[in-house]
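The chain contents come next:
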Amino acid sequence: MATTSIDIKVMQKILQSTITDALSTDVAEDIKKIEAKQVEKLVYGVYAPVFYKRREGGGGLADVANMVTYVDNMEIAVKNETPFNNAYDFNSPSFVPPPNSGNELAILVEGGHGSGGYIYNYPYYDEYLAPRPFTQGTIEELKKGALKKSFIQALKRRGIDAK
């Protein structure tokens, strides 16, 4: 009778590589899509802007291209790194753009006026200053089963019978 020897360390490396690939591609894309939907619902769906045109999926918070994936030790994180929009077209000669810069718009929107040291440039409208926690909405959606479903499907596409 012939026997086959399986090197457990080799199998672990193959499995880790497969999981990392699944997280980096399929699962990451699913998380980004869920976050984009949460942005539409909890950010853009809350009010219509009066002072500016939203970038939405074209460079704004809902644009998956602004969501960066980090995978390390078979753990995944997706960070929304949308840059601030300082290209406002305000007609008022007294308008002064806020001092915000960089790729941290998500911090301001998620936490509200003053979060992370960032400010809105129209603080006289209270309804615009409140936190709009789209990241928390994304996490809740993932916890309801979307993350597990995405991961299982990604593994199955790679030939692993996951349940």
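Scoring rules and cut-offs
Residues numbered from 1 in each chain as written. Predicted model: local features only at pLDDT ≥ 70, side-chain atom pairs only at ≥ 80, totals over all residues. Heavy atoms only, no water. Patch = residues over 30% accessible without salt bridge, like charges linked within 9 Å, V, L, I, M, F, W, Y side chains within 5 Å. Areas by Shrake-Rupley, 256 points an atom, 1.4 Å probe, with all protein chains shown as cover. Salt bridge = Lys/Arg side-chain N within 4 Å of Asp/Glu carboxyl O. Helix = DSSP H or I, 4+ residues; strand = E, 2+ residues; numbered from the N terminus. Buried < 20%, exposed > 50% of the residue type's maximum accessible area, 1.4 Å probe, protein only. Expected span 1.5 Å × (residues − 1). Bend = angle between axes of the 7 residues up to and from the residue. Polar contact = N/O pair within 3.5 Å; in protein donor to acceptor, adjacent residues only side chain to side chain. Pairing = 2+ DSSP bridges. Lys, Arg positive; Asp, Glu negative; His and termini not counted. Contact = heavy atoms within 4.5 Å.

S.K.: Got a sec to walk through a nonpolar patch on the surface? Specific residues and values, please.
M.R.: On the surface, Ile6, Ile8, Val10, Met11 and Ile14 cluster together into a nonpolar patch covering about 480 Å² of accessible area. Structurally, Ile14 is set in helix H1 (residues 8–44). For Ile14, a relative accessible area of 47% translates into the label partly exposed.

S.K.: Lay out H1 with the relevant residues and their values.
M.R.: Since one α-helical turn is 3.6 residues long, residues separated by three or four positions face the same way. Relative to the 54 Å expected for 37 residues at 1.5 Å per residue, H1 spans 50 Å between its end C-alpha atoms, a close match to the ideal helical length. Val27 marks where H1 bends most, by close to 40°. Where H1 begins, one side-chain oxygen reaches toward the backbone nitrogen of Lys9, 3.0 Å away; that side chain belongs to Asp7.

S.K.: Can you explain the pairing of strand S2 (residues 75–80)? Please cite residues and give values.
M.R.: Direction of pairing for strand S1 (residues 67–72) relative to S2: antiparallel, over a ladder of six bridges. Counterpart to Met67 in the pairing with S2 is Asn80. Between S1 and the antiparallel strand that follows it, S2, lie two residues; Asn73 among them carries a positive phi value of about 55°.

S.K.: I'd like to hear about the environment of Lys41, residue by residue, with values.
M.R.: The residue Lys41 is located in helix H1 in this model. For Lys41, a relative accessible area of 56% gives the class exposed. Separated by 91 residues in the primary sequence, Lys41 and Arg132 have C-alpha atoms spaced 9.7 Å apart.

S.K.: Explain the side chain of Arg132 to me, using residue names and the numbers behind them.
M.R.: Within the fold, Arg132 resides in the loop between helix H2 (105–111) and helix H3 (134–157). Nearest to the buried, unbridged Arg132 among oppositely charged side chains is Glu110, at 9.2 Å. Only 2.8 Å separates the side chain of Arg132 from the side chain of Tyr120, close enough to count as a polar contact. Non-local contacts of Arg132, meaning those with residues more than four positions away in its chain, are made with Leu42, Val43, Val46, Tyr47, Arg54, Val109, Glu110 and Tyr120.

S.K.: Break down the side chain of Lys32 for me, with residues and values.
M.R.: Summarising the element assignment, Lys32 is placed in helix H1. Overall, Lys32 belongs to the buried group, its relative accessible area being 10%. Apart from residues lying up to four places away in sequence, Lys32 is in contact with Val64, Met67, Thr69 and Val78.

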